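Summary of structural features
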Amino acid sequence: MNADDSQGLPTWGDTGTHCVTVTPLRERADLCGFFARHFEAEWPHWYGPARRGDAAADLDAWANRAGHLPLGVVAVDAGGAPIGLAALKATSIEAYAHVGPWAAAGYVIPDRRRGGVGALLLSALSIEARRLGFAAIYCATMGAAALLAREGWRQIDAVAHDGGTQRIFRRAVPGPG
Ligand SMILES: CC(C)(COP(=O)(O)OP(=O)(O)OC[C@H]1O[C@@H](n2cnc3c(N)ncnc32)[C@H](O)[C@@H]1OP(=O)(O)O)[C@@H](O)C(=O)NCCC(=O)NCCS
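Within every chain, residues take consecutive numbers counted from 1 along the sequence as written. pLDDT decides what is reported in this predicted model: residues at 70 or higher carry local features, side-chain atom pairs at 80 or more are listed and counted, and totals for whole chains, interfaces and linings draw on all residues regardless.

**Here we look at the confidence of the model for the chain**
Known as pLDDT, the predictor's per-residue confidence is scaled from 0 to 100. Per-residue pLDDT for the chain averages 90, and the proportion of residues at 70 or more is 90%. Here residues 1-6 scores under 50 on pLDDT; set against residues more than four positions off or in separate chains, the count is ten contacts. We call two residues in contact when their backbone-placed C-beta atoms lie within 7 Å.

Rendered as structure tokens:
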């Protein structure tokens, strides 16, 4: 992974040929509709028709031009195709309302998974958290625990959620330089 100082967010390439760039969603608000459709398909219990979540509204909020929370980062491949997105939000689960911000809504399109894009999005969220002055970020996950552990996140708790176990992770935000 290379730091791209002009953007403040990383770029990453596998074998030097398939370069993936991560940029703030606020600079690519045109991609909100694309990811809203993918979110509805990935999380129908939350974003499906007549459900509580509103994918278009969430993405719109994460694309706020001011760059404050909540915000999104988006991964685009070398050909300009959108392939992943993640959000940084002030709050997540009720039991941990006192800490934040939270990495959330990590999403990579199915045929680009297991190629490091999820890890890249997490790194980009760390950089955004640092820009906003946070010392650590948190994540509550049921499905991405292995990825977080590999990326150096520390599990600090596990809580019952929706008939399963949600693991709570924390990662210190790297300092400048
Ligand atoms: C979770 C998600 C965002 C991860 O995205 P991803 O791009 O696949 O993430 P990465 O490629 O960085 O890492 C995924 C795995 O691939 C592995 N991997 C990374 N590069 C690899 C490569 N070149 N070859 C093989 N495996 C690789 C990672 O080690 C990791 O393995 P692990 O989970 O066993 O630790 C993606 O699977 C997704 O969108 N899932 C559906 C939505 C979801 O559940 N989101 C989580 C919300 S908390």
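That covers the picture; the talk isn't over yet.
**As for the site of the ligand**
Around the ligand sit 17 residues, and of these R113, R114, G118, A119 and A146 come closest. Any residue outside Ala, Val, Leu, Ile, Met, Phe, Trp, Tyr, Cys, Pro, Asp, Glu, Lys and Arg is labelled polar, Gly included; the first ten of those are nonpolar and the last four are charged. Residues that form the shell around the ligand fall into these classes: seven nonpolar, six polar and four charged. Nearness rests on one distance test: the residue's C-beta atom, set from the backbone, must lie within 6 Å of the molecule or strand.

**Focus on the packing of helix 1 (residues 32-42) against helix 3 (residues 55-62)**
With axes taken as lines fitted to C-alpha atoms, and helix axes fitted only over the stretch in contact, angles between N-to-C directions fall between 0 and 180 degrees. A helix here means a DSSP run of H or I that spans at least four residues, while a strand means a run of E at least two residues long, and both kinds are numbered starting from the N terminus. In contact at an axis separation of 9 Å, helix 1 and helix 3 are set at 135 degrees when each is read in the N-to-C sense. Accordingly, the angle class assigned to the pair helix 1 and helix 3 is oblique. Here helix 1 and helix 3 pass one another in a crossing that is right-handed. Residues C32, F35, A36, F39 and E40 of helix 1 lie in contact with helix 3, whose contacting residues are A55, A56, L59 and D60. Looking at the contact of helix 1 with helix 3 residue by residue, the class counts come to seven nonpolar, no polar and two charged. Any angle from 65 to 115 degrees is called roughly perpendicular, while one under 35 is roughly parallel, one over 145 is roughly antiparallel, and all others are oblique. A clockwise turn of the near helix away from the far one marks a right-handed crossing, whereas an anticlockwise turn of less than a right angle marks a left-handed crossing.

**Re the environment of G100**
Considering the arrangement of structural elements, one finds G100 in the loop between strand 5 (82-89) and strand 6 (102-108). Here the alpha-carbon distance between G100 and A136, two residues 36 residues apart in the chain, equals 7.5 Å. Not counting residues within four places of it along the chain, the set of residues in contact with G100 comprises A90, T91 and Y138.

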